[in-house]
Amino acid sequence: MRIRTTGVVAVLGLALAASGCGNGSSSSDKPAAQNSATPAAAGGKLVIWADDKRTAALKPFAEEFGKENGVKVEVQAVSKDLQTNFVTASQQGSGPDVVVGAHDWIGNLVQNGAIDPVQLAAEQKSGFNETAIKAVTFNGQLYGVPYATENVALIRNTELAPQAPKTIEELVATGKQLKAQKKASEILCLQSGQNGDAYHIYPLYTSGGGYLFGTSANGDYDPKDLGVGKPESIAAFQKIAKLGEKGEGALKRSITPENSISTFTSKKCAFLVSGPWAIADAKKANISYDISPVPGFAGGKEAQPFVGVQAFYVAAKGKNKALAQEFVSNYVTKPELAVALYKAEPRPPALTAAFDQVKGEDADLAKFAEAGKNGQVLPAIPAMAAIWDPFGKAEAAVIGGADPAKTVTSAGKAIQGQIK
Amino acid sequence: MSTSLSGPGSAQQTPGREPVRSGLPRKSRTARNHAPITATGLIVKVILLGLVAGIATWAAFPLIEAKEWLGLGVLAVTTAALLYLYLTRRHIPAKYLVPGTLFLVAFQVIPVLYTASTAFTNFGDGHRGTKDDAIVAIQTSSVKQVPGSTEYALSVATKGDPATGPLVFLLSDPKTKQVYAGDADGLRQLDAGQVTASSLTGRITAAEGYTVLNIGQASVRSKDVTSLIVPTEGGAIRSTGLSRAYEGKAARAYEAGCDCIRDGESGRTWAADEKTGSFVAADGERLTQGWKVNVGLKNFTRVLTDPNISGPFFGTLAWNFAFAIGSTGLTFLLGMAIALALHSPRMRGTNLYRVLLILPYAMPSFAMLLVWRDMFNTDFGLINNLFGLNVDWFGEAWSARIAVLLVQLWLGYPYMFLVATGALQAIPRELTEATSVDGATPWQSFKAVTLPLLLVAISPLLIASFAYNFNNVNAILFTTDGGPFPADNPRNGATDLLITYTYRLAFGAQGAEFGLAATVSIFIFAIVAIVSAISFSRTRKQEEVYA
């Protein structure tokens, strides 16, 4: 009984303390709103949600925006499940005004009515990388302002492999030779894991002739035309199977998202398929590296990586939409912010002016952009959510030696069953 | 609270002492309920009731603001009842029961009822809000810039007080340098001489008869700014932010007459379907923005009849039982064996062993699960490297199952070791000594005396452990993630539990389907409840035998 009483007292005490804090902040808000006639203390409040890394980069700029315009800007870090938390919070009316996230969220955010289209002037739009604008366009509307693009490329250890391979066969030959010479223990570090990784295998899938969704007349992805399970996809997976554990041994399920980069930086494999986020580790490990496009199969199609875009969105149920639009469409479009975000995490800026500015000091950037030039925009349609899991598992099964035709056909059926 | 409440209790048990403490002679049956009032008791009571009143007041404001009258009513009645209960001297049993009941209702009953009610809806991504929300979302997302229309530089202004006066958009065309004022009545041209514009941005900085708001001032009136739409011939001028405006047109609009959405450009209509909570065109095309509706038993029939869900159900259920029983049984056996070994009086340095043995229990299981997953890696994992094996642990169904159980064993045995140690110390040594005097072997004495007595104490914990492991999402999600998956079925893997399988079904498709997830969790709840009820009734019988 005594313990319970103490517990109750503690809980109630905390609740009272919390209520005290709540009252404190709300009472301090009210006078500020009433004093709006004096410009210094005037202004509404803009709340931005971003993940940890971006929050740190955004803060100084958000504060500057606040100071310039006499408004209060709060950047809040949401370190986990930002998208889900944002959707839930906007439904409750307690969400932010602006959110920062990947462009493939757009389909889900739109179907939940969580974001509004952004209207950019033609000359603003033209300042961006075309692929980036295409990525944030959904149902013919622009839904976000992009600031960075990302795609995978082939990163190679130039000590082990001085020449960039032109085809995947060339890569396998070099890798095998290094393995025979005991200079490396793996041919290629392309992460798969037991459940596969659709994002990283995609260049090989496209080179083999596969596709995910066909495109409709207006250039959008069409969920009714599913490419997984079609003969082209089976052919692609047959080629992938040849690289798998029962074939060349270049693709392995034991190479997982966790160990792929570290295996490369510990010089156990000469080739790594990864994105700009792997560069920091490679630099830390003092690897002499170079970046080239992911090679395709000899005589196959072009290997096209997915291009993802990070963007700013205006929340549909934000409390200060006008200010959010002002921030997103007129402030985020400035190159200075893009450069600062690049410095926080080195992904190629989507704004051409910002890209040109940092290109000079960072040669890797241009190489990543080159590798992504022929890339395909990651589909943002809600149906894409149904692809990842079955596609990845089919990949893992094929790499492990399962029959490609049977596996891919049933993956296609599973995906089709999930698409409404 | 404890002081004032313990008064009547002790008075009833030891009536003889009561007059000494209260100083009042006992006269009647009612007088017995009059607890002595002590200073501490009074202070605690005042503070706690003050807290209750304070929390109620704090919670009332947001409820009033949100016009949640039902919630407010519940809050008022609960608070009033609490105050009444603890301010009178009557209703002694209720004084004990009410706080616990309140917490039970708040943290158990309401979530369960909420889950159950969600199971009858289509709540999920694309169906989260009301129909009105969906209509607003469809209309706003269809607003497009009129092709070839002007982009204006915008200044928000007012004729009255900056904080309350009616808003006007002062617009300037950057190309022709013409200036306009626009409000809900329409657009009218202003004389260029009346305004001063910034040469840099083209925005109007001052205009005769208007007070131009700076961004700070305008941002306070965000709602008024976004809702101000200036009608024009081709559409309407809307603000985008606080410094630009464009001429846009909503392509799609809701028509109450046909209860449908009509696209002004193509003439296509999508009729509201209240059964599925979405707007559907004649050819079956669905608008992505839907709303939440009651779907009756649809989720339940889907779980039972959809071959994708019910097909692998029994296989998964069987492994689920094997996993829960295996995790509980193996950890119990190992934990008890170690506890018995350390319980032996001949054992030295038991404290050191005990500390070492509970180490796995002291480490965060999240992290340990991930570490174990990497240790089972075929090429880079510690286990294969250490023993010179080449087992594809998570690649084959049975090795993956064994690996998962091994991890569970490592994570779980310290707990069983701890409780078994505690229970063993409660068994009097005289009993086992008596059996050895009677000539029983240690095994006989263990089987006949120690184990039954141990089980009486530990059975409820074993049932709890079973129920926990039955739904142990982390153990699977962080290690195999349900895999390995058969090549022809990416939905259901060899180590999938019902809960991880459900998770994939409900959240792996086109966005989250909370309705379906709630339905499956009701099924799982039923299974666990039945198993627990049977086990508890058996335990009770056992207790009767050995007690």
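All values derive from a computational prediction rather than experimental measurement.

Trainee: Hey, could you go over the domain arrangement of chain B for me, with residue numbers and the actual values?
Mentor: Per the domain assignment, the segments making up chain B are domain 1 (39-118), domain 2 (144-250) and domain 3 (307-546). Each of domain 2 of chain B and domain 3 of chain B has a C-alpha centre, and these two points are 67 Å apart.

Trainee: Break down the confidence of the model for chain A for me, with residues and values.
Mentor: For chain A, mean pLDDT is 84; residues scoring 70 or higher make up 90% of the total. Contacts from residues 1-41 of chain A, a stretch scored under 50 in pLDDT, to residues over four places away or in other chains number 23 contacts.

Trainee: Can you tell me about the nonpolar core, naming the residues and giving the values?
Mentor: If you look at the biggest cluster of nonpolar residues, it comprises 134 residues, and the most contacted ones within it are I48, L212, V228, F312 and F327 of chain A. If you tally residues by element for this core, the top one is strand β13 (residues 306-315) of chain A, at seven residues. With 18 residues, the next largest nonpolar core counts A423, L424, F446 and L454 of chain B among its residues.

Trainee: Give me the lowdown on helix α10 (residues 298-305) of chain B, citing residues and values where you can.
Mentor: For α10 of chain B, the full list of buried residues reads N299, F300 and V303 of chain B. Seen along its axis, α10 of chain B keeps its buried residues to an arc of 100°; they face one direction.

Trainee: Can you explain the sheet that holds strand β12 (residues 289-292) of chain A? Please cite residues and give values.
Mentor: All names here are of chain A. With antiparallel pairing, three strands are arranged side by side in an open sheet as β11-β8-β12. Edge strands, defined here as strands with exactly one partner in the open sheet, are β11 (271-274) and β12. Strand after strand, the sheet turns through a mean of 25° between neighbouring axes, direction not considered. Note that strand β8 (residues 153-157) and β11 share four bridges and pair antiparallel.

Trainee: Please set out the sheet that holds strand β13 (residues 260-263) of chain B residue by residue, giving values where relevant.
Mentor: Residues and elements named next belong to chain B. One open sheet accounts for four strands, arranged β12-β13-β14-β15; its pairing is antiparallel. Edge positions in the open sheet fall to β12 (252-255) and β15 (278-281), since each of these has one partner strand only. Each adjacent strand pair in this sheet contributes to an overall mean axis angle of 30°, direction not counted. The strands touched by helix α7 (residues 131-141) are β12, β13, β14 (269-273) and β15; relative to β12, the strand with the most contacts, the crossing angle is about 150°.

Trainee: How would you sum up the UniProt feature "transmembrane region" (unreviewed entry) in chain B? Please name residues and give values.
Mentor: Per the UniProt entry, the sites bearing "transmembrane region" (unreviewed entry) are residues 42-63, 69-87, 96-114, 317-340, 352-372, 402-427, 448-468 and 514-536 of chain B in this numbering. Counting secondary structure, residues 514-536 of chain B comes out at 100% helix and 0% strand; the distance between its end C-alpha atoms is 32 Å.

Trainee: Describe the confidence of the model for chain B, and please don't skip the residues or the numbers.
Mentor: Residues and elements named next belong to chain B. On average, chain B scores 84 in pLDDT, and the residues at 70 or more come to 92%. Per-element confidence in chain B ranges from a low mean pLDDT of 40 for helix α1 (residues 2-13) to a high of 92 for helix α17 (residues 397-426). Contacts for the low-pLDDT stretch residues 1-32, under 50 throughout, to residues beyond four places or in other chains number 27 contacts. Model confidence for the complex is summarised by a pTM of 0.80, with the ipTM given as 0.77.

Trainee: Provide a residue-level description of the domain arrangement of chain A, including the pertinent values.
Mentor: Residues and elements named next belong to chain A. Segmentation of chain A into domains returns domain 1 (2-150 + 308-377) and domain 2 (153-304 + 387-419). Taking both sides of the interface into account, the surface hidden between domain 1 and domain 2 amounts to around 1500 Å²; carbon and sulfur atoms contribute 53%. The largest per-residue losses of area from domain 1 upon contact with domain 2 belong to F368, N374 and Q376, which jointly make up 40% of the total buried on that side. Summed over the shared surface of domain 1 and domain 2, the number is nine residue pairs in polar contact (both at pLDDT 80 or more). Listing elements by their share of the side of domain 1 that touches domain 2, those giving two or more residues are α15 (363-371) and β14 (376-377).

Trainee: Tell me about the pattern of salt bridges, residues and numbers included.
Mentor: A full pass over the atoms with the stated rule returns 32 salt bridges over all chains. Its salt-bridge partner being R54 of chain A, residue D51 of chain A comes within 3.1 Å of it at the nearest N-O pair. Judged by its relative accessible area of 24%, D51 of chain A falls in the partly exposed class. For R54 of chain A, a relative accessible area of 9% corresponds to the buried category. K393 of chain A is paired through a salt bridge with D389 of chain A; the nearest N and O atoms lie 2.7 Å apart. Here K393 of chain A and its partner D389 of chain A are both found in helix α16 (residues 385-399), four residues apart, which amounts to about one turn of the helix. Connected through salt bridges with shared partners, the residues D389 and K393 of chain A together with D496 and R504 of chain B form a single ionic network.

Trainee: Got a sec to walk through the state of the cysteines? Specific residues and values, please.
Mentor: Tallied over the full model, the rule gives two disulfides over all chains. At a sulfur-sulfur separation of 2.1 Å, the disulfide partner of C189 of chain A is C269 of chain A. Taking the torsion about the sulfur-sulfur bond, which here is approximately -110°, the covalent link between C189 of chain A and C269 of chain A counts as left-handed. Linking C189 of chain A in the loop between α7 (168-180) and α8 (198-207) with C269 of chain A in the loop between α10 (260-265) and β11, this pair joins segments that are 80 residues apart in sequence. Look at C269 of chain A and you get buried, because its relative accessible area is 0%. One disulfide bridge connects C258 of chain B with C260 of chain B, the sulfur atoms lying 2.0 Å from each other. Sign of the S-S torsion, about -50° for the bond between C258 of chain B and C260 of chain B, identifies this disulfide as left-handed. Note on C258 of chain B: relative accessible area 37%, which makes it partly exposed. Given a relative accessible area of 2%, C260 of chain B falls into the buried group.

About the thresholds
- Residues numbered from 1 in each chain as written.
- Chains lettered and ligands numbered in written order.
- Predicted model: local features only at pLDDT ≥ 70, side-chain atom pairs only at ≥ 80, totals over all residues.
- Heavy atoms only, no water.
- Domains from an automatic or database assignment.
- pLDDT = per-residue confidence, 0-100.
- Contact = heavy atoms within 4.5 Å.
- Core = buried A, V, L, I, M, F, W, Y, C linked by side-chain atoms within 4.5 Å.
- Buried < 20%, exposed > 50% of the residue type's maximum accessible area, 1.4 Å probe, protein only.
- Helix = DSSP H or I, 4+ residues; strand = E, 2+ residues; numbered from the N terminus.
- Arc of directions from axis to C-beta.
- Pairing = 2+ DSSP bridges.
- Axes fitted to C-alpha atoms, helices over the stretch in contact; angles between N-to-C directions.
- UniProt positions renumbered as here; feature names shortened; annotations may be inferred.
- Buried area = accessible area lost by both parts, 1.4 Å probe.
- Polar contact = N/O pair within 3.5 Å; in protein donor to acceptor, adjacent residues only side chain to side chain.
- Salt bridge = Lys/Arg side-chain N within 4 Å of Asp/Glu carboxyl O.
- Disulfide = S-S within 2.5 Å.

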